[in-house]
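# Per-entry structural report
For reference, the chains in residue letters:
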Amino acid sequence: MPADLCAEDAKLVTLARAARARTRAAEGAAVRDTDGRTYAACTVQLDTVLLSALQLAVAMAVSSGVKGIEAAAVVTDAGAESVDVEVVRYFGGAALPVVVADGNGEVRDVVHT
């Protein structure tokens, strides 16, 4: 388990928890772009579309015209090994932190792209 998060990463966890809670989704996620703006989303599961919360948060950032991502957080009851960080790696690059927390906001792990 990682040490204390910086305030900016703790904010990502809070935003991800709120996104998840609004719809009672399986996951909530938030990303911070290289300008410090944040984007939050939850899992979307329809008959014909399945997007993870992290995929949707990145898509929201990209559709807003950001140039890069510097960090992300995912709130899920599943383990850290189930979080697919590929979308963050693809858009943001290697070695970016992705905080994984449970529904109470307790950080389980910080994985890197």
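An unreviewed UniProt entry lists the protein under the name Cytidine deaminase, with Kribbella flavida as the source organism.

With that settled, the discussion passes to the pattern of salt bridges. Inspection of the entire model under this criterion finds six salt bridges. The partner of Asp-9 in a salt bridge is Arg-32, and the shortest N-O contact between them spans 2.9 Å. Here Arg-32 lies in strand β1 (residues 27-33) and Asp-9 lies in helix α1 (residues 7-23), a separation of 23 residues in the sequence. Arg-32 carries the same exposure label as Asp-9, and that label is buried.

So, about α1. Between its terminal C-alpha atoms α1 stretches 25 Å, which fits the 24 Å expected from 17 residues at 1.5 Å a residue. Within the span of α1, buried status applies to Asp-9, Leu-12, Val-13, Ala-16, Ala-19 and Arg-20. Buried residues of α1 fall within an arc of 125° about the axis and therefore sit on the same side. Structural note: α1 exposes Ala-7, Thr-14, Ala-21 and Arg-22 on the side pointing more than 90 degrees away from its buried face. If you follow the buried residues of α1, they end up packed against β1, β2 (38-42), β5 (69-76) and β6 (97-101).

Parameters at a glance
Residues numbered from 1 in each chain as written. Predicted model: local features only at pLDDT ≥ 70, side-chain atom pairs only at ≥ 80, totals over all residues. Heavy atoms only, no water. Salt bridge = Lys/Arg side-chain N within 4 Å of Asp/Glu carboxyl O. Helix = DSSP H or I, 4+ residues; strand = E, 2+ residues; numbered from the N terminus. Buried < 20%, exposed > 50% of the residue type's maximum accessible area, 1.4 Å probe, protein only. Expected span 1.5 Å × (residues − 1). Arc of directions from axis to C-beta. Contact = heavy atoms within 4.5 Å.

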